[in-house]
Amino acid sequence: MVGRLLKCIFRCLGNVVVRIKARMRVPLLLVLLFPFTSFSQQNQDFYEISVFFNVQGYGGVDIPAMITDNNDVYLSVTDVFDFLRLRNTASRGFDSISGFFIDQHVEYLIERKNNRIIIQDRVFDLKPDEMIRTETGLYLKTPVFGQVFGLVCTFDFRQLMVTLKTELELPLIREMRQEQMRSNLNRLKGEVKADTSIGRSYPGFHFGMADWNVYSNQTLNGLNDTRVNLTLGAILAGGETNISLNYNNNSPFIENEQYYLWRYVNNDLKFMRQAMLGKIPFSSTSTIWEPVVGGLITNTPASYRQTFGSYTVAEYTQPGWVIELYVNNVLVDYVQSDASGFYQFEVPLVYGNSAITLRFYGPWGEERIEERTINIPFTFLPHKNMEYTVSAGLIEDEELSRYSRSYANYGLTRAITVGGGVEYNSSVISGTTMPFVNTSIRLPGNLLVSGEYTYGVVGKGILSYQSKKNVFLQLYYSRYNRDQTAVIYNYLEERKAVLSVPIRGRKFGAYSRLTIANQVIVPGKTWTRGELLFTGNIFGINTNFTTYGIFSESHAPNVYSDLSLGFRFSRGLTIIPSIQYQYNQGEFVYTKCRLEYPLVRYGFLTATYEQNFNTEMRSFEIGFRYDFSFARASLSVMRRNERTHIFSSANGSFIYDKKSKYLGAHNRASVGRGGLVIVPFLDMNFNNTYDPGEPKVYGLNIRINAGRIKRTDHDTTIRVFDLMPYTTYLLELDKNSFDNIAWQLKYETISIEMDANKLKRIEIPITVMGEASGMVYLIRNGRKRGQDRIIVNIFDIDSLKVARVLTEWDG
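Now for a quick tour of the structure. (Residues numbered from 1 in each chain as written. Predicted model: local features only at pLDDT ≥ 70, side-chain atom pairs only at ≥ 80, totals over all residues. Heavy atoms only, no water.)

**With respect to the overall build of the protein**
Here comes step 1: Counting its regular elements, the protein contains five helices and 57 strands.
Here comes step 2: Here the protein holds 811 residues, and the buried ones make up 44% of them.
Here comes step 3: Taking the intrachain contacts of the protein between residues at least 6 apart in sequence as the baseline, contacts between residues at least 24 apart amount to 49%.
Here comes step 4: Here the protein has roughly 43100 Å² of accessible surface; of this, 55% comes from carbon and sulfur atoms. (Helix = DSSP H or I, 4+ residues; strand = E, 2+ residues; numbered from the N terminus. Buried < 20%, exposed > 50% of the residue type's maximum accessible area, 1.4 Å probe, protein only. Contact = heavy atoms within 4.5 Å. Areas by Shrake-Rupley, 256 points an atom, 1.4 Å probe, with all protein chains shown as cover.)

And the structure:
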C-alpha cells in the first residue's frame, strides 16, 4: 500500500513538473508542498489530484479528480457541471446530485445510494467502480460522462489533462459563441490593440470563391420550374469583383436578371474610400424597381465608427428562418424568427452613413434568397466631419432612364447633423431634378428626430424615443405633393405610430407592439391599418399572437387574428401549429401545422399540413434535408388538392487558394467573404519568412473573434473561413501550445484587415530561444564584487547581435 502510494506520488510529481514546463502554470514549490490524499474503496486505492479540464476550442480550468493505480480517472460532477454552466444541486453529504441537462425539461438525478443515474425517462445502472463519494464531492468515472450525458472525456496522464469532446450545444459553448458575436460590437467603441498588424493587399487579379444553387419544382402532369444560380467572387485591379448568373428554364437568359459589381475599398484614404462600378446600390426618393448600372464614389469608410444608440427593426419572414444583421458589411447579430415568422433587431446606430443589410437563411438550405438593405432614418456625424456620396447610371427599364444622386452630410454639432443633395431621374414626369435637404437631431431624454424634404415630391418627419426600460415609441409623418409622379403611390399623407413594450414575468418573457397607420389615398377616403402583436416564450412555449385590422369609410372593418405556437421536445422534435380566426365571419379560416425531427446527425425530416377553410384548399408536404460538409440538399413531396409537386434543392460553395494549392467545398455561401491560411513554421534563420526547407510546426492553438476554424493535420496548416471583408480581426496565438519550451512566438496578437474573395496567408515564425546567464565582477585588492548597470551584448556565431541586457545590482 505504502509502496504503491509513493510510486503514484513520484509519478504524479514527475508529470506535474512536465506540465509546469509546458504551461508554466504554478511554481514548483507549491506543487511539492501540495498534499496528496488517498483512501481505499471497494479494494481500490484512490488518490486525490487536480487535473486540467479542457473543452476543445474554448479553454479549460483545474478541477478536483480521483486517480487509481490503473490510471482510471474520476471527475467531480459538481465542478465539471459548474464549469459547463449546467444546473446542478448536491445534497448534504453528496449522496445525490440533481438538476436539468441543457434543457430545463430534461431533468436528471445522480444517486449514490442506488448507484444509478436517471435522466428524463432513462435509467442508467452503474457498475460499483463507476461512482465514488468523498467528504468533498461525488465523482464519476470519465467514460460515464460520455455514455450518459454525451460528454466524451479523454485523459492524458502525461499532462494531467482531461479533454472534452461533444456535439451538444452546451451553455458554456453557447455563451462563448454569443460572446464572439458580441465582440463585433466592441469595434464600435475603439480600435483593436495588437502586437503587430497586417493590412490589406490589392492584387491585380485573384480568383477565390464560387457559390452555386439549384432549385427545382416538378409538377406531375404540369409545368416544371428549374432555377440555377452561379456566383463568382474574385479580385480585379485591387477591387472586389462579384458576378452572379441566373438561369430559369421558363424564361430567356436576360441581362436584367444578372448581377455584377466591382468594388474598391481603401479605408486609409481620406477623400475617396470606396468606388463601385456595375449594378450599384442606391437609396432613392423616386420609385425604382429595376437595377441601376453605373458608378458610385464616397468617402464613407466600409467599417464601424463609434456608436451612440440603437434603432429597432421588427419585421416578418418565414417561421424558423435565421436572419443575420450586417452593419457596413460586418456581422453584428443574428436571430431566428418565431413561430409566425416575426423577428426583431436592435440595430446599433453608428456615426456616418451605415449600410444595414439583412440576410435570410431557410431551414431547407435556402440561402441569400432574400437579401435587402434597410434604411436607418438617422444619420449622425462627429462634429465638423463631412461625408459625401456621388452615384450615376442607367436604370434597366424600357426607356433606359438616366439616374444620379449626390448628397453630403455635415456634423454641425455633436447632436445635430445636416445634409442635402440632388436626385435626377429622367423618367419622372413631374420633375426630373429633385433637390432635397435633411437633418438629424438628438434631444435630451433619448429622443431622436429626423426630417427630410424633397422639393416637389414629399416631406418626411420621424420621432423616436426609447426609455430606460426599453419602451420604444416611433412616430412617422409624410406629406406628398398632389401632382408628384416620382413616387408611384398616390398618397397625399401617410401617418404611422409604433409602440413597443417588453413584458417580463417569472415564467415568461414577451414583446408587445402596437402599430397604427393612416393613409389618405384620395381626398375623402381614409384607410386605417392596425396591428397588435404579442410574441415571446411563455411557460417554455414559443408564442406569437397577432391581431390585424383594416378600416375604411367605404368598407366594413376586416379584423382577424393569427396564433402560432412552437413546441420543442426532447431529441430535437419541433412542432409549430398555427391558426387564423376571422372576427367578421366569426369562424376559423386557416390552419397549418409543421413538424421537424432530426433523423440522423445532420439530417432532418419535416412534415407540413395546411388547410384553408374558405377556399377548401388542403395540402400535405413531407421532406428530408441533409447538411453535408460540402453542400446542403433537400427533397420534399407536396400533395395540394389534386396535384403532386416534387421540390428539390442543393446549394454550396467552392474556395480556391492557388498559393497553398487548396480547393475546398463548403455548405455555406463564400462569395464576398474572406479567410486566413495560417502557416506556423520553425524559423531557422530568424528572417521571419517561411523559406524552403524550414519545417512546419504542429500544435499551434489560435483564437479569433469570428469565423470558422479548420485544421489540416497532414501539413499543419490552419484555415479560418467566413470572415467579413474590410473588417479588422484580432488573431491570438497561444504561446503555451508547444511541448518544447524553447519554441517561442514573436507575436501573441496580430491585427488583420481582411480582403474579400481571398484566403489571406499569415506566416507565423516560431524561433528557438535559449537562456544565457552570467556575472560581471570587479576585482579590487583581491576581492571580487558584482558590478551593476553594465550593458552586455550577446552575439551569435556570425557575430550578429541577437540580444542586449543590463546587469543587476549583484552583477
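**Things to note about unusual backbone geometry**
Here comes step 1: With a phi angle near 65°, Ile102 is a residue other than glycine that sits in the positive phi range.
Here comes step 2: Counting through the fold element by element, Ile102 comes out in the loop between strand E6 (96-100) and strand E7 (107-111).
Here comes step 3: Overall, the relative accessible area of 27% leaves Ile102 in the partly exposed class.
Here comes step 4: Unlike most non-glycine residues, Ala237 shows phi in positive territory, near 55°.
Here comes step 5: In this structure, Ala237 sits in the loop between strand E16 (224-236) and strand E17 (239-248).

**Some details on the nonpolar core**
In a soluble, globular protein the nonpolar side chains are often hidden away together inside.
Here comes step 1: Phe53, Leu75, Leu84, Ile110 and Phe149 are the most contacted members of the largest nonpolar core, which totals 41 residues.
Here comes step 2: Among the elements that line this core, the one with the most residues is strand E2 (residues 44-55), at five residues.
Here comes step 3: Filtering out sequence-adjacent residues up to four positions away, Leu84 remains in contact with Phe53, Val55, Leu151, Leu164, Leu170, Pro171 and Leu172.
Here comes step 4: With 26 residues, the next largest nonpolar core counts Tyr326, Ile704, Ile718 and Met754 among its residues. (Core = buried A, V, L, I, M, F, W, Y, C linked by side-chain atoms within 4.5 Å.)

**Considerations on the pairing of strand E28 (residues 402-411)**
Here comes step 1: Both strand E27 (residues 386-395) and E28 contribute to a ladder of nine bridges, which runs antiparallel. By the bridge assignment for E28, Glu387 is matched with Asn409.
Here comes step 2: Connecting E27 to the antiparallel partner E28 that follows it, the hairpin turn spans six residues, and Leu400 within it adopts a positive phi of roughly 50°.
Here comes step 3: Direction of pairing for E28 relative to strand E29 (residues 416-425): antiparallel, over a ladder of nine bridges. What sits directly across from Tyr403, in E29, is Asn425.
Here comes step 4: Taking the residues between adjacent antiparallel strands as the criterion, E28 and E29 are bridged by four residues. (Pairing = 2+ DSSP bridges.)

**Some thoughts on a nonpolar patch on the surface**
Here comes step 1: On the surface, a cluster of nonpolar side chains totalling about 640 Å² of accessible area is made up of Leu499, Leu514, Ile516, Leu532, Phe534, Phe545, Leu563 and Tyr583.
Here comes step 2: Residue assignment for the nonpolar patch shows that the elements contributing at least two residues are strand E35 (508-522) and strand E36 (525-538).
Here comes step 3: Within the element layout of this structure, Phe545 appears in strand E37 (residues 541-552).
Here comes step 4: Judged by its relative accessible area of 34%, Phe545 is partly exposed. (Patch = residues over 30% accessible without salt bridge, like charges linked within 9 Å, V, L, I, M, F, W, Y side chains within 5 Å. Salt bridge = Lys/Arg side-chain N within 4 Å of Asp/Glu carboxyl O.)

**As for the packing of aromatic side chains**
Here comes step 1: For the structure on display, the rule yields 20 aromatic pairs.
Here comes step 2: Considering the side-chain rings of Tyr108 and Phe149, the 5.8 Å spacing of their centres and the 85° angle between planes classify their relative orientation as edge-to-face. Of this pair, Tyr108 sits in strand E7 while Phe149 sits in helix H4 (residues 142-149), and the two are 41 residues apart along the sequence.
Here comes step 3: Exposure remark for Phe149: the relative accessible area of 3% places this residue in the buried category.
Here comes step 4: Ring geometry for Tyr480 versus Tyr491: centroids 6.0 Å apart, planes at 70°, classification edge-to-face. Remark: Tyr491 occurs in the loop between strand E33 (472-480) and strand E34 (493-504) and Tyr480 occurs in strand E33; sequence separation between them is 11 residues. You'll find Tyr480 and Tyr491 in the same group, each marked buried.
Here comes step 5: Through a chain of ring-to-ring contacts, the aromatic side chains of Phe81, Phe101, Tyr108 and Phe149 assemble into a single cluster.
Here comes step 6: The aromatic ring of Phe380 is capped on one face by Arg442, whose charged end is 5.3 Å from the ring centroid.
Here comes step 7: Lying across the ring of Tyr476, Lys496 places its NZ or CZ 5.6 Å from the centre. (Phe/Tyr/Trp six-rings, centres within 6.5 Å; stacked < 30°, edge-to-face > 60°. Lys NZ or Arg CZ within 6 Å of the ring centre and 35° of its normal.)

**Side note on the sheet that holds strand E50 (residues 728-733)**
Here comes step 1: Taking strand neighbours across the sheet as the criterion, the four strands line up as E14-E52-E50-E47 in an open arrangement whose pairing is mixed. The two strands at the open ends of the sheet, each matched to only one other strand, are strand E14 (196-198) and strand E47 (702-704). Strand-to-strand twist of the sheet, defined as the mean angle between neighbouring strand axes without regard to direction, takes the value 25°.
Here comes step 2: Bridge analysis of E47 against E50 gives three bridges, and the strand direction is antiparallel. The residue of E50 that forms the bridge with Ile702 is Leu733. (Axes fitted to C-alpha atoms, helices over the stretch in contact; angles between N-to-C directions.)

**Considering the pairing of strand E38 (residues 555-568)**
Here comes step 1: Pairing of E37 with E38 involves 10 bridges; the strand directions are antiparallel. Across the sheet, the residue bridging to Gly549 is Val559, located in E38.
Here comes step 2: Taken together, E37 and the strand that follows it, E38, pair antiparallel across an intervening segment of two residues.
Here comes step 3: Bridging between E38 and strand E39 (residues 574-582) involves seven bridges; their strand directions are antiparallel. From the neighbouring strand, Leu563 faces E39, where its bridge partner is Ile579.
Here comes step 4: Counted along the chain from E38 to the antiparallel partner E39, the turn is five residues long, and its residue Arg571 has a positive phi close to 60°.

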